[in-house]
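For reference, the chains in residue letters:
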Amino acid sequence: MEQRIKVRELLETEPRGQEVVAMGWVRSFRNDQFIVLHDGSCPGPVQVVVDPATLDPAMASRLTTGASIRVMGNLVPSPGKGQRVEIRAKEVEVIGDCDPARYPLQPKKHSLEFLREIAHLRLRTNTFGSVFRIRHALAIAIHRFFDQRGFIYLHSPIITGSDAEGAGEMFRVTTLGFDHPPRKPEGGIDFREDFFGKPTHLTVSGQLEAELGAMAFGDVYTFGPTFRAENSNTARHLAEFWMIEPEMAFCDLEGNMDLAEALLKDLIRTVLEGHAADLEFLSGRLSEEERQRPMVERSPMGLTEKLRFCLDNAFERLTYTEAISILIASPDFKKKKFRYPVSWGVDLQSEHERYLVEQHFRKPVILTDYPKSIKAFYMRQNEDGKTVRAMDILFPGIGEMVGGSQREERLDRLEARMEELHLPREEMNWYLDSRRFGTCPHAGFGLGFERLVQFVTGMGNIRDVIPFPRTPKNASF
Ligand code: 4AD
Ligand code: MG
């Protein structure tokens, strides 16, 4: 097809009356003269001015919201407010018509809930345009960050034959029929007949495979989709989400925390510095949303302030045990404001995490050394016999952004822990071999990509930062 100039480039071009060709979708057409044209390359549209005298009325009636068009004209300085340049059209051509009676997107404000029902079209709205351009920028920045530090991008499998991670409920992968599945003589399903000859699932994490990579390349990371069949319908959970999992050999928990903090700050900086226009749009959207909320629930900081604040402050680092003491001494605890109990050994609920981050420290917090009973088998055991070298990074408004640990690299300790938890050691020999043949201290973490995008874009619901969200009872499109 004919070469076009993207709107993003047009808006930055010096207007000297030069001839340009633009293609995109009509947002609105006013006074038989002004077309607001978006092509998704940037938040702003370009204004196209047509001459009503020469515009064929049949063509004018086809310039409806949502129609795709080609415009050829001269790029000139715009006399109107709000834009620097505009296209004086010489030719306007409709490429794809859009029936206004049936098109659900109108040039007005739609609720995020409504847009979720038309996820295939919501990508065309200003809000989702900004969200997904930032999501893209974050993904690129993640690869750049690790590449600059010499990490190898390791592709961990999506279908897994191991279910020992215990990070969440798994989705089964099978080609067996439901009506007459092959049975073992004792009665259970005979998975030897299944595609892989054994039970398989969608992965909940690429960590165990990443650990093997780290034992060969030193520093690796995975960045791929992960799946959890938890039945949690919250604003922070998806059944299919993307996770970034770095894993580093010759590294302890300190080094792990340093890397995670550096990564998060680098990513926030990238968006602040390189995506100001999208951020400004989302910031305005958020302030408007905040104004609809009761005074007491409003956030004192705007979106960019919140991002700057995370950049400018060192994350607070403390142990789980210290956090429990702070919670027990808090006014919220004394006034019985927490719904869930707090005592040493409990898993912290998001109300506790939010208290620590949003009220007590007022900045991101890294909690370490959790009780071993609430963490995975692979975390390095501390000498106290009660805690492990775990870390969770908690963010304002989001809660847990990162979960990670130093790993148990000592074979005897790891095997003993697996025994205690009744994990199948024979099936995990491939993993245990990393501790048998040249083991070393190593550490890593998982960063939930959508939670990161949520934080950076200020979107309240995680469903609004992934193009096609999968949640309980919802897998449309
Ligand atoms: O804390 P999690 O379960 O840690 C792991 O999976 C480890 N294997 C990571 C590692 O050490 N390599 O998950 C890591 C992060 C969480 O902190 C959260 O940000 C995100 O993944 N996450 C989810 N995001 C969206 N929807 C869900 N259902 C999520 N569950 C976890
Ligand atoms: Mg976790």
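To be clear, the structure that these remarks concern was listed above.
These numbers were taken from a predicted model, which means no experiment stands behind them.

**What to know about the sheet that holds strand 12 (residues 316-319)**
Move 1: One open sheet holds the 8 strands; their spatial order is 6-10-11-16-15-14-13-12, and the pairing between them is mixed. The sheet is open, and its two edges are formed by strand 6 (152-153) and strand 12, each paired on a single side.
Move 2: The sheet contact formed by strand 13 (residues 365-371) and strand 14 (residues 387-395) spans 6 bridges and is antiparallel. From the neighbouring strand, Ile-366 faces strand 14, where its bridge partner is Ile-393.
Move 3: Helix 10 (residues 320-328) rests against strand 12 and strand 13 of the sheet, and its axis sits at about 95° to strand 12.

**Things to note about the packing of helix 7 (residues 253-274) against helix 9 (residues 303-312)**
Move 1: For the pair helix 7 and helix 9, interaxial distance at closest approach is 9 Å and the crossing angle is 140°. Of the possible angle classes, the one that applies to helix 7 and helix 9 is oblique. You can see that helix 7 and helix 9 cross each other, and the crossing is left-handed. Across the interface between the two elements, Lys-265, Ile-268, Arg-269 and Leu-272 of helix 7 pack against Thr-304, Leu-307, Arg-308, Cys-310 and Leu-311 of helix 9.
Move 2: Residue classes in the contact of helix 7 with helix 9 are distributed as 5 nonpolar, 1 polar and 3 charged.

**Quick notes on the nonpolar core**
Move 1: Phe-395, Leu-447 and Leu-452 are the most contacted members of the largest nonpolar core, which has 87 residues in total.
Move 2: In this structure, this core is formed jointly by two domains, domain 1 (7-108) and domain 2 (124-169 + 204-464), each of which donates at least three residues.
Move 3: Once residues within four sequence positions are removed from consideration, Leu-447 is found in contact with Trp-242, Met-243, Ile-244, Leu-263, Leu-264, Leu-267, Met-401, Val-402 and Leu-452.
Move 4: Membership of the second largest hydrophobic core comes to 29 residues, among which are Tyr-320, Leu-348, Ala-376 and Leu-432.

**Quick look at the packing of helix 9 against helix 15 (residues 449-457)**
Move 1: Packing of helix 9 against helix 15 leaves a shortest axis separation of 8 Å and a crossing angle of 120°. Looking at the two axes, helix 9 sits oblique to helix 15. When helix 9 is examined against helix 15, the residues Leu-303, Lys-306, Leu-307 and Cys-310 are found in contact with a partner set consisting of Phe-455, Val-456 and Thr-457.
Move 2: Looking at the contact of helix 9 with helix 15 residue by residue, the classes come out as 5 nonpolar, 1 polar and 1 charged.

Cut-offs and rules
Numbers given to residues run from 1 along each chain, matching the order in which its sequence is written. For naming, the first written chain is A and the first written ligand is 1, with later ones following in the order written. With the structure being a predicted model, the display of local features is reserved for residues of pLDDT at least 70 and the display and counting of side-chain atom pairs for 80 or more, all residues being used for whole-chain, interface and lining totals. As a rule here, side-chain values come from all non-hydrogen atoms in the structure, and water together with hydrogens is ignored. Here a strand pair is declared whenever DSSP counts at least two bridges between the two strands. Put simply, DSSP H or I for four residues or longer makes a helix, DSSP E for two residues or longer makes a strand, and each gets a number counted from the N terminus. Residue contacts are counted whenever heavy atoms from the two residues lie within 4.5 Å of one another. Angles here are taken between N-to-C directions and fall from 0 to 180 degrees, while the axes themselves are lines fitted to C-alpha atoms, restricted in helices to the stretch in contact. Note on terminology: angles under 35 degrees are roughly parallel, angles over 145 are roughly antiparallel, angles of 65 to 115 are roughly perpendicular, and the others are oblique. For any pair of crossing helices, the crossing counts as left-handed if the nearer helix is rotated counterclockwise from the farther one by less than a right angle, and right-handed if it is rotated clockwise. Gly is placed with the polar residues, together with every amino acid not listed as nonpolar (Ala, Val, Leu, Ile, Met, Phe, Trp, Tyr, Cys and Pro) or charged (Asp, Glu, Lys and Arg). Residues belong to one nonpolar core when they are buried, are Ala, Val, Leu, Ile, Met, Phe, Trp, Tyr or Cys, and are joined through side-chain atoms within 4.5 Å. Residue burial is assigned from relative accessible area. The probe radius is 1.4 Å, only protein chains are included, and a residue is buried under 20% of its type maximum, exposed over 50%, and partly exposed in between. Bear in mind that the domain bounds are from an automatic or database domain assignment.

Taken by themselves, the reported measurements are silent on function.
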